[in-house]
Amino acid sequence: MLTVDDVLEQVGEFGWFQKQAFLILCLFSAAFAPIYVGIVFLAFTPDHRCRSPGVAELSRRCGWSLAEELNYTVPGPGPQGQCLRYAVDWNQSALGCLDPLAGLAANGSPLPLGPCDQGWVYDTPGSSIVTEFNLVCDDSWKVDLFQSCVNLGFFLGSLGVGYIADRFGRKVCLFTSTLISAVVGVLTAVAPDYTSLLLFRLLQGLVSKGNWTAGYTLITEFVGLGYRRTVAILFQLAFTVGLVLLSGLAYVLPHWRWLQLAVSLPVFLLVFCYWFVPESPRWLLSQKRNTQAIKIMDHIAQKNGKLPPADLKMLSLEEDVAEKLSPSFVDLFRTPNLRKYTFILMYLWFTSSVVYQGLIMHVGATGGNLYLDFLYSALVEFPASFIILVTIDRFGRRYPLAMSNLAAGLACFIMVFIPHDLSWLNIAVACVGRMGITIVFQMVCLVNAELFPTFIRNLGMMVCSSLCDLGGVLTPFLVFRLMEVWQGSPLILFAALGLVAGGMTLLLPETKGITLPETIEDAENLQRKAKPKENKIYLQVQTSELNAQAPERDASQGTSWQK
């Protein structure tokens with residue numbers, strides 16, 4: 001029985017066709033970066049103070065510098081000076097230029113303070129949704145809600161878009177969601193008010209993560225078994241390229257509406273790639289559309305300069321006995337070890353999301369140079385991917401994953417004690433934490449796929465990784481509300497999450513060189529270290545949205561590797 005993997009071994013597992021498809025699909029991965037962490041530039045909060053009518057005129061008349069104006073007219077530093085103002089008529093002529101408020105306080109009593117009912121003055125040459133919609137002081141929580149909406153969209157959309165990818169095809173899902181994401185991105189840039197902004201943000205979240213996952217699925221189904229892991233990691237690395245480009249765009253375009261347009265309009269060009277990326281032949285076979293799958297495999301052979309096998313017309317999916325079992329949510333908790341795997345992986349997904357997004361937001365809110373700090377922390381994701389490629393087969397999964405969690409947690413703990421004026425040291429340690437949590441983010445996907453038996457592997461991935469999106473919903477509130485209490489509070493939380501995650505990772509079994517479990521009994525026995533068959537490494541790369549086709553792929557991989 002001829003399978004897709006058998007054909008790829010003959011016509012090229014990563015030939016010219018796969019390289020072209022990989023480069024095109026990496027564009028979709030890079031385009032996802034501004035949606036995921038764009039809040040750093042779209043919703044930055046600059047220094048601000050209450051707008052007081054008459055202050056600007058008095059400052060000009062007296063020739064005050066900005067420092068003198070703030071000293072004379074602002075109640076003080078911090079929240080008091082940002083959210084309250086002196087209840088004084090600054091237009092009265094009796095006010096002098098030297099300590100103008102000295103004669104207004106009766107018997108030395110403090111002057112009355114009032115709210116910023118005239119709006120705010122922002123010390124920034126650009127703009128953000130914060131400055132345009134005055135999302136400060138009592139309304140500062142609305143910034144958190146802005147980011148939480150996109151993560152809520154990720155959470156809700158993962159199931160729907162995953163179903164579309166399995167029901168109507170990866171290609172249809174990829175390009176339909178891309179078009180919707182581009183349209184909603186442009187609508188976000190022209191949103192007239194905060195409410196419509198939230199609606200568009202939620203809609204973009206509903207389709208954008210599924211869009212990224214559809215591209216991930218396509219490229220991992222196009223390449224042969226020997227390249228699947230490497231291609232999956234490099235596809236995620238394209239997301240890092242998007243982060244680097246985002247920092248440059250944000251520097252050139254400091255106004256949030258223009259920046260939003262700049263990251264949304266090019267996405268329309270990706271729709272034209274529809275004619276250069278075919279449907280997944282594996283999905284076509286699963287839908288009994290063998291003729292189309294054979295044509296695509298023949299096209300791949302031609303592109304790679306190879307002759308297709310003579311029995312190409314016999315192409316089909318291998319029979320998977322496990323798919324006859326009906327997966328159930330209860331199966332994830334049916335046995336002691338499966339319960340342990342499920343709870344630990346749920347925690348690891350939650351932690352990776354909170355610490356990853358939290359570090360980005362915290363650095364953006366406390367760093368000295370918003371653009372450079374973001375760039376430096378994004379660049380460390382490149383060596384993170386290299387470390388994974390080098391260590392995963394030498395040292396396994398468990399110890400690198402545990403050490404990366406511990407490194408991220410320890411880095412966050414050290415940042416608590418770094419003085420604010422040593423910003424370079426703060427950024428350097430934050431970069432170490434960012435590298436550690438990036439490794440965790442990429443590796444937990446691999447480990448998740450290797451611990452569950454075939455018939456519930458996709459369900460296990462979907463359920464556990466949903467905690468990632470839930471963490472994303474909570475992170476903005478955790479970061480910005482805790483910073484109001486104390487600037488180091490979020491870092492203590494991140495440190496605790498990371499250090500506990502590192503310890504919990506050691507409770508998982510090592511899966512290096514062990515064949516993927518096919519049954520619950522196999523998964524239960526993973527704790528006993530098995531001997532690798534024929535000294536080969538068995539690996540599966542999946543995400544939560546690689547839905548109905550996962551069982552077929554897993555069976556075909558296990559069979560072909562044992563040949």
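Residues numbered from 1 in each chain as written. Predicted model: local features only at pLDDT ≥ 70, side-chain atom pairs only at ≥ 80, totals over all residues. Heavy atoms only, no water.

### Points about the overall build of the protein chain
What the protein chain contains, in helices and strands, is 24 helices and 4 strands. Counting the 563 residues in the protein chain, one finds 58% classified as buried. For the protein chain, the accessible surface area stands at approximately 23500 Å², while carbon and sulfur atoms represent 65% of it. (Helix = DSSP H or I, 4+ residues; strand = E, 2+ residues; numbered from the N terminus. Buried < 20%, exposed > 50% of the residue type's maximum accessible area, 1.4 Å probe, protein only. Areas by Shrake-Rupley, 256 points an atom, 1.4 Å probe, with all protein chains shown as cover.)

### Some points on the state of the cysteines
Note on terminology: a disulfide is the covalent bond linking the sulfur atoms of two cysteines. Evaluated as defined, the whole model comprises 2 disulfides. Disulfide pairing places Cys-50 opposite Cys-116 at an S-S distance of 1.6 Å. With Cys-50 in strand β1 (residues 48–50) and Cys-116 in the loop between β3 (113–115) and β4 (120–122), the pair connects residues that are 66 residues apart, well separated along the chain. Given a relative accessible area of 9%, Cys-50 falls into the buried group. Here Cys-83 engages in a disulfide with Cys-137; their sulfurs sit 2.0 Å apart. Given an S-S torsion of about -100 degrees, the disulfide between Cys-83 and Cys-137 has left-handed geometry. Of this pair, Cys-83 sits in helix α6 (residues 78–83) while Cys-137 sits in the loop between α7 (129–133) and α8 (141–168), and the two are 54 residues apart along the sequence. Of the residues examined, Cys-137 reaches a relative accessible area of 18% and is grouped as buried. (Disulfide = S-S within 2.5 Å.)

### A word on the nonpolar core
Among the nonpolar cores identified, the biggest contains 148 residues, and Ile-129, Leu-345 and Trp-349 are the most heavily contacted of them. The residues contacting Ile-129, other than those within four sequence positions of it, are Leu-42, Ala-43, Asn-134, Leu-135, Phe-146, Leu-197 and Trp-256. Of all hydrophobic cores here, the second largest spans 11 residues; its members include Val-55, Tyr-72, Trp-90 and Leu-111. (Core = buried A, V, L, I, M, F, W, Y, C linked by side-chain atoms within 4.5 Å. Contact = heavy atoms within 4.5 Å.)

Any link to function would need more than the numbers given here.
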